[in-house]
Amino acid sequence: QVQLVESGGGLVQPGGSLRLSCAASGIIFSFYNMGWYRQAPGKQRELVAYISNGGNTKYLDSVKGRFIVSRDNAKNMVYLQMNSLKVEDTAVYYCSGDRGRLLSGERYLEIWGQGTLVTVSS
């Protein structure tokens, strides 16, 4: 079965760090582009970081220089290292994957994890 499972969320103080992990199963992982999204209550879901199947990365402007996305194809894992965390980073973080983009711009064979909560508070 196709499954993405996130872990590593929790409570952290401003300025602290967390490392999120996403374990993939049921897919040919190396074929997939992988991304981290987040959603805070009452706000739109937004793309935080993205790493393509070729290793190209992109980041939300507000996390550039603080977050690093990486992947380990041998372990079917994708990670999000979050440093210098801010209160504004508080959200449920979701792992997602896709096989590319259609002509419409939509992601092909999109899959999602269940989410892990990150709370940044003093």
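The model shown is predicted, which means the values in this text are computed figures rather than measured ones.

Notes on the pattern of salt bridges
Close approach of charged atoms allows side chains of opposite charge to pair.
Part 1: Using the criterion set out here, one finds six salt bridges in the structure.
Part 2: The closest approach of N and O atoms between Asp89 and Arg66, which form a salt bridge, is 2.8 Å. Here the residue Asp89 occupies a position in the loop between strand S8 (77–82) and strand S9 (91–98), and Arg66 occupies one in the loop between strand S6 (57–59) and strand S7 (67–72), the gap between them amounting to 23 residues. With respect to burial, Asp89 and Arg66 carry one shared label: buried.
Part 3: A cluster of three or more residues bridged by salt bridges with shared partners is formed by Arg38, Glu46, Arg66 and Asp89.

Overview of a nonpolar patch on the surface
Part 1: Together, Leu102, Tyr108 and Leu109 make up an exposed nonpolar region whose accessible area comes to about 280 Å².
Part 2: Mapping Leu102 onto the fold places it in the loop between S9 and strand S10 (111–112).

Description of the sheet that holds S8
Part 1: With antiparallel pairing, four strands are arranged side by side in an open sheet as S1-S3-S8-S7. Since the sheet does not close on itself, it has two edges, and those belong to strand S1 (3–7) and S7, each with one partner. Sheet twist, expressed as the mean angle between neighbouring strand axes with direction ignored, is 15°.
Part 2: Note: strand S3 (residues 18–25) against S8, six bridges, orientation antiparallel.

Section: the pairing of strand S11 (residues 116–120)
Part 1: Burial of the side chains of S11 is restricted to one face: Thr116, Val118 and Val120 are buried, whereas none of Leu117 and Thr119 on the reverse face is.
Part 2: Where strand S2 (residues 10–12) lies against S11, three bridges are found, and the strand directions are parallel. Its bridge partner lying in S11, Gly10 is registered against Val118.
Part 3: Judged from the three bridges that link them, S9 and S11 form a sheet pairing that is antiparallel. By the bridge assignment for S11, Ala91 is matched with Val118.

Quick look at the packing of aromatic side chains
Part 1: One pass over the full model with this rule turns up two aromatic pairs.
Part 2: Residues Tyr37 and Trp112 carry aromatic rings whose centres are separated by 4.8 Å and whose planes lie at 55° to one another, so their mutual orientation is tilted. With a gap of 75 residues between them, Tyr37 in strand S4 (residues 33–39) and Trp112 in strand S10 connect regions that are remote in the sequence.
Part 3: Residue classification places Trp112 among the partly exposed positions, given a relative accessible area of 27%.
Part 4: Centre to centre, the rings of Tyr94 and Trp112 are 6.4 Å apart; their planes meet at 80°, and the pair counts as edge-to-face. Highlighted residues: Tyr94 in strand S9 and Trp112 in strand S10, separated in sequence by 18 residues.
Part 5: Between the NZ or CZ atom of Lys58 and the centre of the ring of Tyr50, over which it lies, the distance is 5.1 Å.
Part 6: Over the ring of Phe29 we find Arg71; its NZ or CZ atom is 4.6 Å from the centre of that ring.

Conventions adopted
Residues numbered from 1 in each chain as written. Predicted model: local features only at pLDDT ≥ 70, side-chain atom pairs only at ≥ 80, totals over all residues. Heavy atoms only, no water. Salt bridge = Lys/Arg side-chain N within 4 Å of Asp/Glu carboxyl O. Helix = DSSP H or I, 4+ residues; strand = E, 2+ residues; numbered from the N terminus. Buried < 20%, exposed > 50% of the residue type's maximum accessible area, 1.4 Å probe, protein only. Patch = residues over 30% accessible without salt bridge, like charges linked within 9 Å, V, L, I, M, F, W, Y side chains within 5 Å. Areas by Shrake-Rupley, 256 points an atom, 1.4 Å probe, with all protein chains shown as cover. Pairing = 2+ DSSP bridges. Axes fitted to C-alpha atoms, helices over the stretch in contact; angles between N-to-C directions. Phe/Tyr/Trp six-rings, centres within 6.5 Å; stacked < 30°, edge-to-face > 60°. Lys NZ or Arg CZ within 6 Å of the ring centre and 35° of its normal.

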